[in-house]
Amino acid sequence: VKEGSVKNTTDDQVTYKGTTYYLNSVSTIQKKVRYALGQHMHGVMSWDLATDCDYENSLSLQRAVVEEISYRRNQLIAMILFCVSCLVCTLWII
């Protein structure tokens, strides 16, 4: 993201220096959150928040989760919990 390889919120793959990488875009994350809500699941998890871009960036996956939950529930009911051992894992309680 910082080097401009990911340019929009729907890119699920990007080629950088000749190598293609696959990722979850903002739109994919939104779909996964909608699925979790529709299945009455009680949370969604992100393995590595440290590699996400700044929350203010429209490409932030954390922002996508929080906004989708907020939009779907008409109020923000997301709690962010950090793994005590590594401070990397993130869990959004729905």
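Note that the structure is predicted; figures quoted are calculated from it, not measured. (Residues numbered from 1 in each chain as written. Predicted model: local features only at pLDDT ≥ 70, side-chain atom pairs only at ≥ 80, totals over all residues. Heavy atoms only, no water.)

Asks: Just give me the short version of the nonpolar core, but keep the residues and values in it.
Replies: Across soluble globular proteins, nonpolar side chains have a tendency to be buried as a group. One finds V26, I29, V33, A36, L37, V44, A64, V65 and I69 forming the largest nonpolar core, which totals nine residues. When contributions to this core are tallied by element, the ones reaching two or more residues are helix 1 (26–38) and helix 2 (61–73). For this core, the element with the highest residue contribution is helix 1, accounting for five residues. (Core = buried A, V, L, I, M, F, W, Y, C linked by side-chain atoms within 4.5 Å. Buried < 20%, exposed > 50% of the residue type's maximum accessible area, 1.4 Å probe, protein only. Helix = DSSP H or I, 4+ residues; strand = E, 2+ residues; numbered from the N terminus.)

Asks: Tell me what's going on with the pattern of salt bridges, and back it up with residues and numbers.
Replies: On inspection of all chains with the given rule, the structure shows two salt bridges. For the salt bridge of E68 with R34, the shortest nitrogen-to-oxygen distance reads 3.1 Å. Within this pair, whereas E68 is found in helix 2, its partner R34 is found in helix 1, the two being separated by 34 residues in sequence. E67 serves as the salt-bridge partner of R63, at 2.8 Å between the closest nitrogen and oxygen. One end of the pair, R63, and the other, E67, are both in helix 2, four residues apart, so they sit about a helical turn from each other. Using a relative accessible area of 40% as the deciding quantity, one classes E67 as partly exposed. (Salt bridge = Lys/Arg side-chain N within 4 Å of Asp/Glu carboxyl O.)

Asks: Talk me through the pairing of strand 1 (residues 13–16); I want residue IDs and the actual numbers.
Replies: Looking at chain direction, strand 1 and strand 2 (residues 19–22) are connected through four bridges and run antiparallel. Looking at the pairing, Y16 lines up with T19 of strand 2. Between strand 1 and strand 2, which follow one another and run antiparallel, lie two residues, and K17 among them has a positive phi close to 50 degrees. (Pairing = 2+ DSSP bridges.)

Asks: With reference to specific residues and values, describe unusual backbone geometry.
Replies: Glycine aside, a negative phi is what most residues show, and trans is what most peptide bonds show. A positive phi angle is found at K17, which is not glycine, with a value near 50 degrees. Residue class for K17 comes out exposed when judged on its relative accessible area of 73%. Within the chain, H40 stands out as a residue other than glycine whose phi angle is a positive 60 degrees. On the secondary structure map, H40 appears in the loop between helix 1 and strand 3 (43–46).

Asks: An account of helix 1 is needed here, citing residue identities and associated values.
Replies: A rise of 1.5 Å per residue sets the reference length of helix 1, with its 13 residues, at 18 Å; its end C-alpha atoms lie 18 Å apart and thus fit the reference within 8%. H40 sits one or two residues past helix 1 and shows a positive phi near 60 degrees. (Expected span 1.5 Å × (residues − 1).)

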